[in-house]
Amino acid sequence: MSGEEAVVQAAIAREGGLHRTLSKRQITMIGLGGAIGTGLFMGSGIAISYAGPAVLISYAIGAVIAAIMVFSLSEMAVVHPTAGSFGTYAEIYLGPFAGFLIRYTYWIQQVLLIGSEAIAIGTYMRFWFTDIPVWLWAIGFAGGLVWLNSRPVRSFATVEYWLTVIKVTAIILFIIVGGSRILGLTGPATGLANVTGLPGGFMPNGFAGVWMGVLMALFSFMGLEFVVATAGEAEKPREAIPAALRTMALRLFLFYILALFIIVAFLPWTEAGAKVVTQSPFVRMFQAAGIPFAADAMNFVVATAALSAMNTSLYLTSRMLFSLARGGFAPRRFGTLNEGGVPMAATLASGICVLVAASLAMLTPLAYNYLFGIALFGGLLTWGSILASHLVFRRRHRASQLPVRMPFFPFAQLIGLGLLAAVLVTMALDADVWRVAVIAGVPWCTIVAAIYVIRTARRPDKAAATSI
């Protein structure tokens, strides 16, 4: 065994012990659950306000970037099925500092997003229970999910499966109802006048509006990497991960593009879109179609979407902290497993941090804007690290020997990195809400880098232990 291969095998072996019990069906639904959330049900209204009917192009561009990232990640996951996933790959192929930065950034990203989803669920529940405060719902749901994630991984996967079924069913019904009205099967046909016949036409705000819609599309697609993070607990990762990715990619494309087409075809984009979203465009369409109890039904679906996102993100935060501990970058206690094969200490620590994040959101929205900026910046940084890791990975592995191969290498990866860089530049120059991602994200990376330098100065052997 070569020195390089020995380093790779050591990095993979140290994260062993997790129980491989997740089936292909469960992995597919976990991936869908992570990628279908409030970004579609609520955030699509923001994207429509930027791009108008051309939001379809925005999401198509976002889908291309996401597809490049996911299939690049799948190549590495099939060869190296580990709990640390892209964090471990960054450590192996880009160096220990990259692995340290990516895993801690992704961990804090998910913690902050879970906190926001907890607050969102509390807000949604007040639709029915106006007298119960938001913070009580937030703490209750967060505590319940910590308990669920402390159970064997199959329990988590089963709950996530059914939460995702609710979301997918709602989208399918939405497409059927909207499509029937557009075609005139259940009433006067709306046709495509709202897509091309309004002032400004199909692209009312030009390509600049389309590009701003891409930012929201990428935020919606963040979570696709979830499916590959399950590789360390998949029954047959070499079979389950590629199959799940192929199925999930097709479903996501159909769900997102068809759902958005229904919205902009059924409603004038000026009604469906809003930069400050107070009502989901899905609710607007159901109400306009005369569907009774539309607000109640969609409030339930959106609450379910937020709960699903919390559930999956908490799973990922615990595995990322587990990976850091096994790599010697976090307290050793977080790398232990209970009898059910669950990193209990890492799960509890992540759950406590979620409650802290949710508390910050309730104390001052301004503070949480900056925390959310770190989360958004972290997502783009993670995707970029995946593409960069894959470029190095391919130089060290013959393509003919890989069980899964990403087409159009390396051009696809270089295009993906270029588009992500362009998105970050756009965020930095934006005077609206997106600049906060760079304002908050860059200092965060600086702080993490300083911690790494101090840590490796005390343990110089650690910096060279896993780099190749």
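Residues numbered from 1 in each chain as written. Predicted model: local features only at pLDDT ≥ 70, side-chain atom pairs only at ≥ 80, totals over all residues. Heavy atoms only, no water.

A closer look at the overall build of the chain
Each helix and strand in the chain was counted, giving 21 helices and 0 strands. Expressed as a percentage of the 468 residues in the chain, the buried residues total 59%. In the chain, of all internal contacts separated by at least 6 residues, the share reaching a separation of at least 24 is 80%. Summed over its atoms, the accessible surface of the chain is roughly 18,100 Å², and 68% of this surface lies on carbon and sulfur atoms. (Helix = DSSP H or I, 4+ residues; strand = E, 2+ residues; numbered from the N terminus. Buried < 20%, exposed > 50% of the residue type's maximum accessible area, 1.4 Å probe, protein only. Contact = heavy atoms within 4.5 Å. Areas by Shrake-Rupley, 256 points an atom, 1.4 Å probe, with all protein chains shown as cover.)

A short note on the confidence of the model for the chain
Across the chain, the average pLDDT comes to 78, with 81% of residues at 70 or higher. Of all secondary-structure elements in the chain, the lowest mean pLDDT belongs to helix H21 (residues 460-463), at 53, while helix H19 (residues 411-429) reaches the highest, 90. Considering only residues more than four positions removed or in separate chains, one finds that residues 463-468, a stretch of pLDDT under 50, has 20 contacts. (pLDDT = per-residue confidence, 0-100.)

As for the side chain of Ser74
Inspection of the secondary structure puts Ser74 in helix H5 (residues 55-79). Classification of Ser74 by relative accessible area gives buried; the value is 1%. Engagement of the side chain of Ser74 in a polar contact is seen with the backbone oxygen of Phe71, the distance being 2.8 Å. (Polar contact = N/O pair within 3.5 Å; in protein donor to acceptor, adjacent residues only side chain to side chain.)

Considering helix H11 (residues 206-221)
Here H11 spans 23 Å end to end across 16 residues, near enough to the 22 Å set by a 1.5 Å rise per residue. Most of H11 sits out of view: 12 of its 16 residues are buried. The set of residues buried in H11 consists of Gly209, Val210, Trp211, Met212, Gly213, Val214, Leu215, Met216, Ala217, Leu218, Ser220 and Phe221. One or two positions beyond H11, positive phi appears at Gly223, with a value near 125°. (Expected span 1.5 Å × (residues − 1).)

Brief notes about unusual backbone geometry
Note that the residue after Phe409, namely Pro410, is joined by a cis bond; omega there is 0°. Relative to the assigned elements, Pro410 resides in the loop between helix H18 (365-396) and H19.

Quick word on the environment of Ala288
Relative to the elements of secondary structure, Ala288 occurs in helix H15 (residues 281-288). In this structure, the C-alpha to C-alpha distance between Ala288 and Leu267, residues 21 residues apart in sequence, is 8.3 Å. Every residue in contact with Ala288, bar those within four places of it in the chain, is listed here: Phe266 and Leu267.

Side note on the side chain of Asn149
Within the fold, Asn149 resides in helix H8 (residues 134-149). Classification of Asn149 as buried rests on a relative accessible area of 2%. Non-local contacts of Asn149, meaning those with residues more than four positions away in its chain, are made with Phe156, Asn311, Leu314, Tyr315, Val342 and Thr347.

Some thoughts on the environment of Ile61
Here Ile61 shows up in helix H5. Between the C-alpha atoms of Ile61 and Gly213, which are 152 residues apart in sequence, the distance is 9.5 Å. Contact partners of Ile61, with chain neighbours within four places excluded, come to Phe207, Val210 and Val214.

What to know about a nonpolar patch on the surface
A cluster of nonpolar side chains, namely Phe127, Trp128, Phe129 and Phe300, defines an oily patch on the protein surface of about 400 Å² accessible area. Examined against the element boundaries, Phe300 turns out to sit in helix H16 (residues 294-326). (Patch = residues over 30% accessible without salt bridge, like charges linked within 9 Å, V, L, I, M, F, W, Y side chains within 5 Å. Salt bridge = Lys/Arg side-chain N within 4 Å of Asp/Glu carboxyl O.)

Focus: the pattern of salt bridges
What the rule picks out here adds up to 2 salt bridges. In this structure, the salt-bridge partner of Glu75 is Arg394, at a minimum N-O distance of 2.7 Å. Taken together, the residues span a long stretch of sequence, with Glu75 in helix H5 and Arg394 in helix H18 at a distance of 319 residues. Taking the shortest distance from any N to any O, the salt bridge between Glu91 and Arg103 comes out at 2.3 Å. Taken together, the residues Glu91 in helix H6 (residues 86-94) and Arg103 in helix H7 (residues 96-125) connect sequence positions 12 residues apart. With a relative accessible area of 0%, Glu91 lands in the buried category.

Observations regarding H19
Its 19 residues give H19 an end-to-end C-alpha distance of 27 Å, which sits within 8% of 27 Å, the value for a rise of 1.5 Å per residue. Turning to H19, its buried residues are Ala412, Gln413, Gly416, Leu420, Val423, Thr426 and Met427. On an axial view of H19, the arc spanned by its buried residues comes to 145°, and they lie on one face. Those residues of H19 that are exposed and aimed more than 90 degrees away from the buried face are Phe411 and Leu429. (Arc of directions from axis to C-beta.)

A look at the nonpolar core
In a soluble, globular protein the nonpolar side chains are often hidden away together inside. Judged by nonpolar contacts, the single largest core of 146 residues is most densely connected at Ile36, Phe41, Tyr59, Phe174, Phe221, Trp383 and Met427. With residues near it in sequence (within four places) discarded, Phe174 still touches Ala259, Ile262, Ile263, Phe282, Met285 and Phe286. Counting 5 residues, the second largest nonpolar core, distinct from the first, contains Ile27, Ile241, Ala244 and Val404. (Core = buried A, V, L, I, M, F, W, Y, C linked by side-chain atoms within 4.5 Å.)

Digging into the packing of aromatic side chains
By the definition in use, this model includes 11 aromatic pairs. The interplanar angle of 55° and the centroid separation of 5.3 Å between the aromatic rings of Phe100 and Tyr452 together place this pair among those described as tilted. You can see Phe100 sitting in helix H7 and its partner Tyr452 sitting in helix H20 (residues 435-458), a full 352 residues away along the chain. Here Phe100 falls in the buried class, since its relative accessible area comes to 3%. You can call Tyr452 buried: its relative accessible area is 9%. Seen from their ring centres, Phe221 and Tyr256 are 4.8 Å apart, and the 45° between their planes marks the pair as tilted. (Phe/Tyr/Trp six-rings, centres within 6.5 Å; stacked < 30°, edge-to-face > 60°.)

Topic: the packing of H8 against H16
Two elements in contact, H8 and H16, have axes whose closest approach is 10 Å; the angle formed by their N-to-C orientations is 45°. Relative to H16, the element H8 is oriented oblique. Read as a crossing pair, H8 and H16 show a hand that is right-handed. Of the residues in H16, those touching H8 at Phe141, Ala142, Leu145, Val146, Leu148 and Asn149 are Leu307, Met310, Asn311, Leu314 and Tyr315. Here the residues of the contact of H8 with H16 are counted per class, giving 9 nonpolar, 2 polar and no charged. (Axes fitted to C-alpha atoms, helices over the stretch in contact; angles between N-to-C directions. Parallel < 35°, antiparallel > 145°, perpendicular 65-115°, else oblique. Left-handed = near helix turned anticlockwise from the far one by under 90°. Nonpolar A, V, L, I, M, F, W, Y, C, P; charged D, E, K, R; others polar.)

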